[in-house]
Amino acid sequence: GSAFSSTSLTGTVQLPEGLKYVSGFEGTKITNVQFPSTLEEIGSVAFKSCSALMCEITLPASLKRIDTQAFWQTGIKGNLVLPENLELIGASAFYQCRNLTGSLIIPSGIKVIYSQQSVGTFSGCGFNGNLTLPMGLTEIQSSAFSGTKFKGELNIPSTVNTIGNYAFSNNEFNGTLVLPKEL
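Residues numbered from 1 in each chain as written. Predicted model: local features only at pLDDT ≥ 70, side-chain atom pairs only at ≥ 80, totals over all residues. Heavy atoms only, no water.

Novice: Help me get a handle on the overall build of the protein, residues and values and all.
Specialist: In terms of helices and strands, the protein carries zero helices and 15 strands. In terms of overall dimensions, the protein is globule-like: its C-alpha atoms have a radius of gyration of 16 Å, near the 16 Å expected for 183 residues. Along the longest, intermediate and shortest principal axes, the C-alpha atoms of the protein span 50 × 30 × 25 Å. For the protein, buried positions account for 50% of its 183 residues. Here the contacts in the protein between residues at least 6 apart in sequence split such that 37% fall between residues at least 24 apart. Total accessible area computed for the protein in this model is approximately 8400 Å², and 48% of it derives from carbon and sulfur atoms. When the 11 positive and 12 negative side-chain charges of the protein are each reduced to one mean point, those points stand 6 Å apart. (Helix = DSSP H or I, 4+ residues; strand = E, 2+ residues; numbered from the N terminus. Rg over C-alpha atoms; globule rule 2.2 N^0.38 Å. Buried < 20%, exposed > 50% of the residue type's maximum accessible area, 1.4 Å probe, protein only. Contact = heavy atoms within 4.5 Å. Areas by Shrake-Rupley, 256 points an atom, 1.4 Å probe, with all protein chains shown as cover. Lys, Arg positive; Asp, Glu negative; His and termini not counted. Charge placed at Lys NZ, Arg CZ, Asp CG, Glu CD.)

Novice: Please set out the sheet that holds strand S12 (residues 139-140) residue by residue, giving values where relevant.
Specialist: Sheet architecture is open: three strands sit in the order S8-S12-S14, paired in parallel fashion. The open sheet terminates on both sides in strands that have one partner only, identified here as strand S8 (112-113) and strand S14 (162-163). Sheet topology note: the S12/S14 ladder contains two bridges and is parallel. Following the sheet pairing, Ile-140 is matched in S14 by Ile-163. (Pairing = 2+ DSSP bridges.)

Novice: Outline unusual backbone geometry, supporting the account with residue identities and numerical values.
Specialist: Not every positive phi belongs to a glycine, and Gln-69 is a case in point at roughly 60 degrees. Relative to the helices and strands, Gln-69 is located in the loop between strand S5 (65-66) and strand S6 (88-89). Although it is not a glycine, Ser-143 sits at a positive phi angle of roughly 60 degrees. With respect to the element layout, Ser-143 can be found in the loop between S12 and strand S13 (154-155).

Novice: Please provide a residue-by-residue account of the nonpolar core, values included.
Specialist: Phe-47, Phe-94, Phe-122 and Phe-145 are the most contacted members of the largest nonpolar core, which has 48 residues in total. Beyond its immediate chain neighbours, meaning those up to four positions away, Phe-47 contacts Val-22, Phe-25, Glu-26, Ile-30, Val-33, Phe-35, Ile-42, Leu-53, Ala-70, Phe-71, Trp-72 and Thr-74. (Core = buried A, V, L, I, M, F, W, Y, C linked by side-chain atoms within 4.5 Å.)

Novice: Go over the sheet that holds S6, please, and point to the residues and values.
Specialist: The parallel open sheet is built from four strands, whose spatial order is S2-S4-S5-S6. Of all strands in the sheet, those bounded by a partner on one side alone are strand S2 (21-22) and S6. Two elements, strand S4 (residues 41-42) and S5, share two bridges in a ladder whose sense is parallel. Each bridged residue has a counterpart across the sheet, and for Glu-41 the counterpart in S5 is Arg-65.

Novice: Quick one: what's the story with the side chain of Ser-146, residue by residue and with numbers?
Specialist: Secondary-structure assignment places Ser-146 in the loop between S12 and S13. With a relative accessible area of 13%, Ser-146 lands in the buried category. Among the polar contacts listed, one links the side chain of Ser-146 to the side chain of Ser-123, at a separation of 3.2 Å. Non-local contacts of Ser-146, meaning those with residues more than four positions away in its chain, are made with Phe-122, Ser-123, Gly-124, Tyr-166, Ala-167, Ser-169 and Asn-171. (Polar contact = N/O pair within 3.5 Å; in protein donor to acceptor, adjacent residues only side chain to side chain.)

Novice: Tell me what's going on with the packing of aromatic side chains, and back it up with residues and numbers.
Specialist: For the coordinates displayed, the defined rule picks out 14 aromatic pairs. With 4.4 Å between their ring centres and 45 degrees between their planes, Trp-72 and Tyr-95 make a pair best called tilted. Separated by 23 residues along the polypeptide, Trp-72 in the loop between S5 and S6 and Tyr-95 in the loop between S6 and strand S7 (104-105) bring together distant segments of the chain. Residue Tyr-95 is classed as buried on the basis of its relative accessible area of 16%. Taking 5.5 Å as the distance between ring centres and 10 degrees as the angle between the ring planes, the aromatic pair formed by Phe-145 and Phe-168 counts as stacked. Of this pair, Phe-145 sits in the loop between S12 and S13 while Phe-168 sits in the loop between S14 and strand S15 (177-178), and the two are 23 residues apart along the sequence. With respect to class, Phe-145 is no different from Phe-168; both count as buried. (Phe/Tyr/Trp six-rings, centres within 6.5 Å; stacked < 30°, edge-to-face > 60°.)

Novice: Could you give me a rundown of the pattern of salt bridges, with the residues and numbers involved?
Specialist: Scanning the entire structure with this criterion turns up four salt bridges. Glu-40 is paired through a salt bridge with Lys-20; the nearest N and O atoms lie 3.8 Å apart. Taken together, the residues Glu-40 in the loop between strand S3 (29-34) and S4 and Lys-20 in the loop between strand S1 (10-14) and S2 connect sequence positions 20 residues apart. Where Asp-67 meets Arg-65, a salt bridge forms, and the shortest distance between an N and an O atom there is 3.0 Å. Note on Asp-67: relative accessible area 6%, which makes it buried. One connected set of salt bridges, linked through shared partners, spans Glu-41, Arg-65 and Asp-67. (Salt bridge = Lys/Arg side-chain N within 4 Å of Asp/Glu carboxyl O.)

Here's what the structure looks like:
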């Protein structure tokens, strides 16, 4: 739903315990969001274009899905810690979240890093640490990590059989590149 989309809602949104799904804040002026420990899904475009959302977010361990464009062009900042139980990160979910920094560890439940019309899940993010991809990942779609500033080595797990165009373009990897034999 889009209950609060494009309203002048500001300040902190504190979501109640027991809530399993959230969406509907697209384009608002909220500055912080506090997720309950029961949350399982962040819906498509849930916080898209919330440019005033310039805080660090803590995603609960219960989270299983972050849908398409959920945090598209928000101001979220700092380290992004993805919960280990996460099963899906939708296309463009964190597109141009330029204030995200540090390293990123993709959880083992993620099988595909999606893109949507060549706009990757993490395209344009400000990450400046290492990228860790899990064994079990099978596909990295086009532009998935383009325009981020990851450093260090890049180890593509042996389970990956498809890497899309520009998946890692405009990065700063400066160590060893390890590719799977079956790629």
